[in-house]
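Structural features, examined
Listed below are the residues making up each chain.
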Amino acid sequence: MAKERTKIIRTRIGEREITEDGIIYFSRGLIGFDDKRDFALIQLSENSPFLLLQSLEDPGLGLLVADPYSFMDDYEVRLSEAEKRILRVENVGQIAVLVTVTIPPGRPEETTLNLGGPIVINTEAKRGMQVPQVDSKYPSHFRPANDDS
């Protein structure tokens, strides 16, 4: 079996090794970063629900993201037929949904998830897209319940 090729990338949290198979292509970039197309998902720690969506073109561009289903069960993302074609989606089992996370400095209790602009990734085709949810019942600044209360 052939050894998978790896590459070292620079991130805001130091150098990380990724496999070429770990590169996700965003044909339209991300909102506000239209010119950035290649990203990698980096796990921050073994038990953390948070990941870093790291630009391969800009070491300073890494977005904190999370699986929204870790925080809520009833989140729904709608994809148009055109979006499914761009992502090369053949079945729902290929899809991973992530949302961007904002943690205000020194105020982790005010962490919010952007449910209005999810990032959808076809995990098999390694293609991603940010898919704003028009007329969404979900807010762009959702504060997950704090389990420590």
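Higher on the page you've got the structure.
A brief report on the enclosed structure follows. (Residues numbered from 1 in each chain as written. Predicted model: local features only at pLDDT ≥ 70, side-chain atom pairs only at ≥ 80, totals over all residues. Heavy atoms only, no water.)

1. Concerning the overall build of the protein
From N to C terminus, the protein includes one helix and ten strands. Over its C-alpha trace the protein gives a radius of gyration of 16 Å, about what one expects of a compact globule, namely 15 Å for 149 residues. For the C-alpha atoms alone, the extent of the protein along its principal axes is close to 50 × 40 × 30 Å. The buried share among the 149 residues of the protein stands at 36%. (Helix = DSSP H or I, 4+ residues; strand = E, 2+ residues; numbered from the N terminus. Rg over C-alpha atoms; globule rule 2.2 N^0.38 Å. Buried < 20%, exposed > 50% of the residue type's maximum accessible area, 1.4 Å probe, protein only.)

2. Side note on the pairing of strand 7 (residues 95-102)
Strand direction decides the pairing type here: strand 6 (residues 62-66) and strand 7, joined by two bridges, are antiparallel. Counterpart to Val65 in the pairing with strand 7 is Thr100. Here strand 7 runs beside strand 9 (residues 119-122); their pairing, made up of four bridges, is antiparallel. Residue Ala96 lies in a different strand from strand 9, and its bridge partner there is Ile121. Judged from the two bridges that link them, strand 7 and strand 8 (residues 112-113) form a sheet pairing that is antiparallel. Bridge pairing links Thr102 to Thr112 in strand 8. (Pairing = 2+ DSSP bridges.)

3. Some thoughts on unusual backbone geometry
Phi at Arg88 is positive, roughly 60°, even though this residue is not glycine. Within the secondary structure, Arg88 is located in the loop between helix 1 (81-87) and strand 7.

4. Examining the environment of Ala96
Here Ala96 is to be found in strand 7. Residue Ala96 is classed as partly exposed on the basis of its relative accessible area, which comes to 25%. Apart from residues lying up to four places away in sequence, Ala96 is in contact with Ile119, Val120, Ile121 and Thr123. (Contact = heavy atoms within 4.5 Å.)

5. Section: the side chain of Thr112
With respect to the helices and strands, Thr112 occurs in strand 8. Thr112 has contacts with Thr100, Val101, Thr102, His141, Phe142, Arg143 and Pro144, leaving out every residue within four places of it along the chain.

6. Let's talk about the environment of Ala145
Among the structural elements, Ala145 can be located in the segment after strand 10 (127-130). Through-space distance from the C-alpha of Ala145 to that of Val97 is 20 Å; in sequence the pair is 48 residues apart.

7. Some details on the pairing of strand 3 (residues 23-26)
Residue alternation in strand 3 divides its side chains into a buried set, Ile24 and Phe26, and an unburied set, Ile23 and Tyr25. In the sheet, strand 3 pairs with strand 4 (residues 38-43) via three bridges, with the strands oriented antiparallel. Looking across to strand 4, one finds that Ile24 is bridged to Phe39. Note that strand 3 and strand 10 share two bridges and pair parallel. Along strand 10, the bridge assignment pairs Phe26 with Gly128.

8. Examining the pattern of salt bridges
Taken as a whole, this structure holds three salt bridges when the rule is applied. Among the ionic pairs, Lys84 bridges to Glu81, the shortest N-O distance being 3.5 Å. Here Glu81 and Lys84 lie together in helix 1, a separation of three residues that amounts to about one turn. Among the ionic pairs, Arg107 bridges to Glu110, the shortest N-O distance being 2.9 Å. (Salt bridge = Lys/Arg side-chain N within 4 Å of Asp/Glu carboxyl O.)

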